[in-house]
Amino acid sequence: MKNQHPNFWSTPTGWAALALIAAVTYFLVLEHGQHTLQFLPYLILLLCPLMHVFMHGSHGKHGHDHSHAPDEKKEESFQELTDKNAAYRDGYIQGLEKARKESHKKESSDE
């Protein structure tokens, strides 16, 4: 945790960005209110993707701890995974065979 970077908004650059955003918002709303009110619906729509980008920043970082234990199990090969899922595979094949038989029965009854 010592090497973790601080949040952008808590850095001096982040505080400066917040101050700049606040100043621009102040002047747009108070000085140019007539001009900005007509774009309010578009600004609300623009807020949706911006919130999506900035509020989902922590996704994808789960489970990326690079301090692996030495006794950690190695990644399984495709063949090992296939052997573990033999019941699933057998059920899938049985389902295909059943569907083929029903299809043949339907074709023969249509003739």
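Residues numbered from 1 in each chain as written. Predicted model: local features only at pLDDT ≥ 70, side-chain atom pairs only at ≥ 80, totals over all residues. Heavy atoms only, no water.

- You'll find the chain entered in an unreviewed UniProt entry as DUF2933 domain-containing protein, with Pseudoalteromonas ruthenica given as the organism.

## Thoughts on the overall build of the chain
Part 1: Helix and strand counts for the chain stand at five helices and zero strands.
Part 2: Along the chain, from the amino end to the carboxyl end, the secondary structure elements read α-α-α-α-α.
Part 3: Looking at the chain residue by residue over its 111 residues, the buried ones come to 4%.
Part 4: Only carbon and sulfur atoms are counted for the fraction: they give 64% of the accessible area of the chain, which is about 10,900 Å². (Helix = DSSP H or I, 4+ residues; strand = E, 2+ residues; numbered from the N terminus. Buried < 20%, exposed > 50% of the residue type's maximum accessible area, 1.4 Å probe, protein only. Areas by Shrake-Rupley, 256 points an atom, 1.4 Å probe, with all protein chains shown as cover.)

## A look at the UniProt feature "transmembrane region" (unreviewed entry) in the chain
Part 1: The sites that carry the UniProt feature "transmembrane region" (unreviewed entry) are, in the present numbering, residues 12-30 and 36-55.
Part 2: Secondary structure across residues 36-55 divides into 90% helix and 0% strand, with the first and last C-alpha atoms of the span separated by 25 Å. (UniProt positions renumbered as here; feature names shortened; annotations may be inferred.)

## What to know about the packing of aromatic side chains
Part 1: Scanning the model with the defined rule gives two aromatic pairs in all.
Part 2: Relative to W9, the ring of F8 lies with its centre 4.9 Å away and its plane at 75°, an arrangement referred to as edge-to-face.
Part 3: An angle of 75° between the planes, with centres 5.1 Å apart, marks the rings of Y26 and F27 as edge-to-face. (Phe/Tyr/Trp six-rings, centres within 6.5 Å; stacked < 30°, edge-to-face > 60°.)

## Let's talk about the confidence of the model for the chain
Part 1: Residues at a pLDDT of 70 or more form 81% of the chain, whose mean pLDDT is 80.
Part 2: Within the chain, the lowest mean pLDDT, 76, falls on helix α4 (residues 78-84), and the highest, 91, falls on helix α1 (residues 12-31). (pLDDT = per-residue confidence, 0-100.)

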